[in-house]
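Overview (structure and organization)
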Amino acid sequence: MSSLNNCIKFDLDIKEKNIVFKDYFYKMVQMKKHKIYEAELIQPACPYCGSLALLHNGHLVTNIRYLTANASLPVIIRLAKQRVKCRACDHWSMAQSELVNKYCSISNASKLKVLSALTEDRSMTSIARENNVSINTVQRVLGNCSHRFIDSYEYLPAHLAFDEFKGVDRQLHFICLDGDSHQVVQILRTRCKKTLLKYFGRFSPQARANVRTVTMDLNFYYQDIVRACFPNAQIVIDRFHMIQMLTRSFNSLRVQVMKTFDKRSRQYQLLKSPWKLYLKKFDELEKAHPRYNWHYKDCLTQAQVVMEGINTSTTLENSYNLMQSFIQAVETGNTHELKSLINCQDQIGTLMHKTLLTFKHNLTAVLNGAALPYSNGCLEGFNRKIKQIERTAFGYSNFTNLLTRIRLEEDLYKEKEPNSLLMTA
């Protein structure tokens, strides 16, 4: 019996001395083959007074689901817990084990495996199927993780990044990241100005004064929040959003100019089919090896296509040159050139003129975006990860579950303090 007990304990990686395994067998349970171990949980002493004078009064048999390497062969430990009465203090008690929590039939090892799987990009259904537990059990393990994410209102990073993403019920949720470590500072249910002012207003004046830069897109009320909450912070407009606005303005003008020509004309085909070439940097265009294109029935290089296309309109040519100069100035951090381009008086498209006017109204923040090394690139990448989490789960209807799952998949929280979560699961 002792050799069998030790062999089973070694196989299941159970080190508790008070559990004694007696036998194992196979049994069909709900049309599925299970491997069942029979074991007894011994109560060595009274938990109240520590006396060894105990009166045994039967057992409570509990079927505990245990983890297994083969999901097609579930493992159940049929554990008989001793019920005893202390002869010294007359207290009744039942044997308890670290293998499983009180009033629970899912082993802590199984919960730990479920928690480890929740840090990966997997659906709850596949996690439940692999660990032979219900989806509700996986949701309970996920719910017991949320108490770890407690706000601290005594510290804020020196560099913040603001943005939003679509989440529960297609609503926009606010997200804030640390610009240096790229770790999540906070995710809020809404991005309303009142909510953001209330949240950041909870921080101490010293914490808010520590913020030096806040990177964002051209959302106007984000700037109001920065001015109201962070007295020492500089507003930085993300470089990607600036270039995106300018390229969209130019693309709209290209379509307008294209529609002025006949669809069978060479000018129309030069502006329509190779439209992606107009949005690339001119230095990256092919200039040495011409290729034949059946749309405009000619053999041209990419640079020749673009030059011939923009020459069809003076406004289009001026807009293209301004866009290329703007991109180069942003990449090199040339704020003087950027300022002169924003104040450009050349004939350009109406939408591009409005874009430059927007930049002019936010001139300081735009120049900070070119001069400082901070951007929203880390935030856009994290939003892409959030979209993948939502896609894997086919969407979330509970904001707390979505928030917990997002933070569990952060590298910071992987495999961190798992035992404290299991005690409440």
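Above this text sits the structure in question.
Just so it is clear, the structure is predicted and the values come from calculations on it, not from any experiment.

**Quick notes on the overall build of the protein chain**
Of regular secondary structure, the protein chain possesses 17 helices and 12 strands. On C-alpha atoms alone, the protein chain measures out to a radius of gyration of 32 Å, which is more than a quarter above the 22 Å that the 2.2 N^0.38 rule sets for 425 residues. Across its three principal axes, the protein chain shows a C-alpha extent of roughly 100 × 60 × 35 Å. When each of the 425 residues of the protein chain is scored for burial, the buried share is 45%.

**Focus: helix 1 (residues 2–12)**
Residues lying three or four places apart along an α-helix face the same way, a consequence of the helix completing one turn every 3.6 residues. For helix 1, the complete set of buried residues consists of Asn5, Ile8, Lys9 and Leu12. Buried positions in helix 1, seen along its axis, are confined to an arc of 100 degrees and lie on one side of it. Summarising the geometry of helix 1, the exposed residues directed more than 90 degrees from the buried face are Ser3, Phe10 and Asp11. Where helix 1 is buried, its residues meet strand 1 (19–28), strand 2 (33–41), strand 3 (54–66) and strand 4 (75–86). Count one or two residues on from helix 1 and you reach Asp13, which has phi positive near 60 degrees.

**Things to note about the pairing of strand 7 (residues 172–178)**
Of all 7 residues in strand 7, 6 are buried, a share of seventy percent or more. Relative to strand 7, strand 6 (residues 159–166) runs antiparallel, the two being bridged by 7 bridges. When the bridges of strand 7 are listed, Ala161 appears paired with Leu177. With antiparallel pairing between neighbouring strands as the criterion, strand 6 and strand 7 make up a hairpin whose turn holds 5 residues, including Asp169 at a positive phi of roughly 55 degrees.

**Here we look at the state of the cysteines**
Evaluated as defined, the whole model comprises 0 disulfides. Cys49 takes part in no disulfide bond, and the closest cysteine sulfur to it belongs to Cys86, at a distance of 3.5 Å. Residue Cys49 is classed as partly exposed on the basis of its relative accessible area, which comes to 42%. No disulfide involves Cys176; its nearest neighbouring cysteine sulfur is the one of Cys378, lying 10.0 Å away.

**Examining the environment of Leu67**
Following the sequence through the fold, Leu67 ends up in the loop between strand 3 and strand 4. In this structure Leu67 touches Val75, Ser107, Ala109, Ser110 and Lys113, once residues within four positions along its chain are discounted.

**Details of the packing of helix 2 (residues 108–118) against helix 4 (residues 135–143)**
Put simply, helix 2 and helix 4 touch, their axes get as near as 10 Å, and they point 75 degrees apart. Classified by the interaxial angle, the pair formed by helix 2 and helix 4 is roughly perpendicular. In this structure, helix 2 uses Lys111, Val114, Leu115 and Leu118 to contact helix 4, whose residues at the interface are Val138, Val141 and Leu142. When the residues that make up the contact of helix 2 with helix 4 are grouped by side-chain class, the tally is 6 nonpolar, no polar and 1 charged.

**Considering the sheet that holds strand 8 (residues 184–188)**
Strand order in the open sheet made by the 5 strands is 8-7-6-9-10, with mixed pairing throughout. Strands at the two margins of the open sheet, each flanked by one partner only, are strand 8 and strand 10 (234–237). Taking the axes of each pair of neighbouring strands and ignoring which way they run, one obtains an average angle of 20 degrees across the sheet. Along the sheet face, helix 5 (residues 193–201) touches strand 6, strand 7 and strand 8 and points at about 140 degrees away from the line of strand 8.

**Describing the environment of Ala365**
As for its placement among the helices and strands, Ala365 is situated in helix 14 (residues 363–371). Among the residues examined, Ala365 registers a relative accessible area of 7% and is labelled buried. Sequence separation of Ala365 and Met31 is 334 residues, and the distance between their C-alpha atoms is 66 Å. Beyond its immediate sequence surroundings of up to four residues, Ala365 is in contact with Ile235, Val236 and Ile237.

**Description of the packing of aromatic side chains**
Scanning the entire structure with this criterion turns up 17 aromatic pairs. Both rings, one in Tyr199 and one in Phe203, keep their centres 5.3 Å apart while their planes meet at 85 degrees; by these two values the pair is edge-to-face. Look at Tyr199 and you get buried, because its relative accessible area is 6%. Residue Phe203 is classed as buried on the basis of its relative accessible area, which comes to 3%. Ring centres of Phe220 and Tyr221 lie 5.7 Å apart, and the angle between their planes is 85 degrees; on these two criteria the pair is classed as edge-to-face. A relative accessible area of 62% places Phe220 in the exposed class.

**Here we look at a positive patch on the surface**
A contiguous patch of positive charge on the surface is contributed by Lys166, Arg170, Arg384, Lys387 and Arg391. Of the residues forming the positive patch, the biggest block, 3 residues, is contributed by helix 15 (residues 377–392). Mapping Arg170 onto the fold places it in the loop between strand 6 and strand 7. With a relative accessible area of 63%, Arg170 lands in the exposed category.

**With respect to the nonpolar core**
Phe162, Phe200, Val214, Phe230 and Phe326 are the most contacted members of the largest nonpolar core, which totals 62 residues. Here this core gets 8 residues from one element, more than from any other, and that element is helix 11 (residues 314–332). Setting aside chain neighbours within four positions, we find Phe200 in contact with Phe162, Phe174, Arg208, Ile225, Cys229 and Phe230. One finds Ile64, Cys104, Val114 and Leu115 within the second-largest nonpolar core, a separate group that totals 31 residues.

Criteria and thresholds
- Residues numbered from 1 in each chain as written.
- Predicted model: local features only at pLDDT ≥ 70, side-chain atom pairs only at ≥ 80, totals over all residues.
- Heavy atoms only, no water.
- Helix = DSSP H or I, 4+ residues; strand = E, 2+ residues; numbered from the N terminus.
- Rg over C-alpha atoms; globule rule 2.2 N^0.38 Å.
- Buried < 20%, exposed > 50% of the residue type's maximum accessible area, 1.4 Å probe, protein only.
- Arc of directions from axis to C-beta.
- Contact = heavy atoms within 4.5 Å.
- Pairing = 2+ DSSP bridges.
- Disulfide = S-S within 2.5 Å.
- Axes fitted to C-alpha atoms, helices over the stretch in contact; angles between N-to-C directions.
- Parallel < 35°, antiparallel > 145°, perpendicular 65-115°, else oblique.
- Nonpolar A, V, L, I, M, F, W, Y, C, P; charged D, E, K, R; others polar.
- Phe/Tyr/Trp six-rings, centres within 6.5 Å; stacked < 30°, edge-to-face > 60°.
- Patch = residues over 30% accessible without salt bridge, like charges linked within 9 Å, V, L, I, M, F, W, Y side chains within 5 Å.
- Areas by Shrake-Rupley, 256 points an atom, 1.4 Å probe, with all protein chains shown as cover.
- Salt bridge = Lys/Arg side-chain N within 4 Å of Asp/Glu carboxyl O.
- Lys, Arg positive; Asp, Glu negative; His and termini not counted.
- Charge placed at Lys NZ, Arg CZ, Asp CG, Glu CD.
- Core = buried A, V, L, I, M, F, W, Y, C linked by side-chain atoms within 4.5 Å.

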